[in-house]
Amino acid sequence: MTLPTLQNTSVIYRRILSEFPQDISLAFAYGSGVFKQHGTNQGQMEKNMLDFVIAVDDPVTWHTMNLLQNRKHYSILKLLGPTTVSSIQHDYGASIYYNTLVPVDGRKIKYGVISTESLLDDLTHWKTLYVAGRLHKPVKMLVQNENAKLRDALVSNLKSAVTASFLMLPESFSEEDLFLQIAGLSYAGDFRMVIGEDKSKVHNIVKDNIQHFRILYSNILRDCPQVVYKPQQGKLEVDKSPEGQFIQLMALPRTLQQKITKLVDPPGKNRDVEEILLQVAQDPDCGAVVQQGISSIVKSSSITQSIKGIATAGLWKTVSYSSKKLLKMWKGWRRKPSVSQMS
């Protein structure tokens, strides 16, 4: 199965991407500057920063070239050279290196560089859920090379998002319930949702992009033996029996399974994963345990990546970027009554 992508790449994204070294295995644009979010108009969208993720096979070579082409994009860390920049990228936070508030072609952009290997690890195992979580939501795919392993990992990540969401939802639910659950996975436990993000963010992402979510997930839902999918009515029914939940738990990414076993298994008992997940499958609080497991992954990566972001962006850009996030949070808080009435 190939990953459904939104291939209608407008000229602005191609022009921006042409500013970078071209040895790229995958690149996508995402966020409120790319997809309309509930409560924003076209004019506001065009003022929003454009967010990109760029995956590269050889980060040292890529940063070497980018430091030659775009030295001003980097903070003072550029003085340490491409090898150290690549080490900071790989060894800390979510294994992604962001340059932010970069002026390109009349727009402000933020771009993160991740190695193809780290991306595969996150998509397959949910090691940090940082980039994998962004890819649970609609993105504008700009470059995707012919890498079968990467293609399979992109689809596997979507299937994992569906499986984890099934475990946290009731027996019957709507498409919108599912997409809200999926979109919220990578924000569970994210400290920025307490301070720095609009609290209505998940609702805003899904509300105006239901069709884009359908493009991503409809084939997976149709092929999934665990669910009855009625696309005409926008309704789903999932198997909530202990047997059904055990199958779903066994299909979860490895890091999430490890987090769940750590939550449930008392220290020193050392039972195998299968035995613990069988116990969780029979627990009425199974969904809450899965939620806690996801939160622990996200909490850790969001904190460490944000600390790293202060160094990679530089202090002035960090203050500027954070103040804009806090302003959006304030505006979202002021809008909240009208949003809740519409839900």
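You'll find the structure just up there.
One structure accompanies this document, and this report is about it. Quick caveat, the model's predicted, so the values are computed rather than measured.

## What to know about the packing of aromatic side chains
No. 1: Summed over all chains, the structure comprises eight aromatic pairs.
No. 2: A ring pair is formed by Tyr13 and Phe52, whose centres lie 6.3 Å apart and whose planes are at 70°; its orientation type is edge-to-face. A residue pair is termed long-range when its members are at least 10 positions apart, and Tyr13 in helix H1 (residues 11–17) and Phe52 in strand S2 (residues 50–56) qualify at 39 residues. You'll find Tyr13 and Phe52 in the same group, each marked buried.
No. 3: Aromatic pair Phe166 and Phe173: ring centres 6.1 Å apart, planes at 45°, arrangement tilted. Neither residue differs from the other here; Phe166 and Phe173 are each classed as buried.
No. 4: An aromatic cluster is present here, built from Phe20, Trp62 and Tyr111 joined pairwise through their rings.
No. 5: Directly above the ring of Tyr98 sits Lys110, whose terminal nitrogen or CZ lies 5.0 Å from the centroid.
No. 6: One cation-aromatic arrangement involves Arg134 over Tyr130; the distance from NZ or CZ to the ring centre is 4.2 Å.

## Some remarks on unusual backbone geometry
No. 1: Of note, the phi angle at Ser95 is positive, near 60°, even though the residue is not glycine.
No. 2: Within the element layout of this structure, Ser95 appears in the loop between helix H4 (82–91) and strand S3 (96–104).
No. 3: Its identity as a non-glycine residue notwithstanding, Trp126 has a phi of 55°, on the positive side.
No. 4: Mapped onto the elements, Trp126 comes out in the loop between helix H5 (116–125) and helix H6 (130–134).
No. 5: Judged by its relative accessible area of 0%, Trp126 is buried.

## Focus on the sheet that holds strand S1 (residues 26–30)
No. 1: Pairing within the open sheet is mixed, and its five strands lie in the order S3-S4-S2-S1-S5. Of all the strands in the sheet, just S3 and strand S5 (140–144) have a single pairing partner and so form its edges. Each strand of the sheet is rotated relative to its neighbour by a mean of 20°, with strand direction disregarded.
No. 2: Examined bridge by bridge, S1 and S2 share five bridges and lie antiparallel to one another. Counted as the bridge partner of Ala29 is Phe52 from S2.

## Let's talk about the sheet that holds strand S7 (residues 227–230)
No. 1: Reading across from one edge, S6-S8-S7 is the order of the three strands in this open sheet, with antiparallel pairing throughout. Either end of the sheet is taken by a strand with one partner, and the two such strands are strand S6 (172–174) and S7. Adjacent strand axes in the sheet meet at a mean angle of 20°, parallel and antiparallel pairs treated alike.
No. 2: The pairing of S7 with strand S8 (residues 235–238) spans four bridges and is classified as antiparallel. Its bridge partner lying in S8, Tyr229 is registered against Leu236.

The rules behind the values
- Residues numbered from 1 in each chain as written.
- Predicted model: local features only at pLDDT ≥ 70, side-chain atom pairs only at ≥ 80, totals over all residues.
- Heavy atoms only, no water.
- Phe/Tyr/Trp six-rings, centres within 6.5 Å; stacked < 30°, edge-to-face > 60°.
- Helix = DSSP H or I, 4+ residues; strand = E, 2+ residues; numbered from the N terminus.
- Buried < 20%, exposed > 50% of the residue type's maximum accessible area, 1.4 Å probe, protein only.
- Lys NZ or Arg CZ within 6 Å of the ring centre and 35° of its normal.
- Pairing = 2+ DSSP bridges.
- Axes fitted to C-alpha atoms, helices over the stretch in contact; angles between N-to-C directions.

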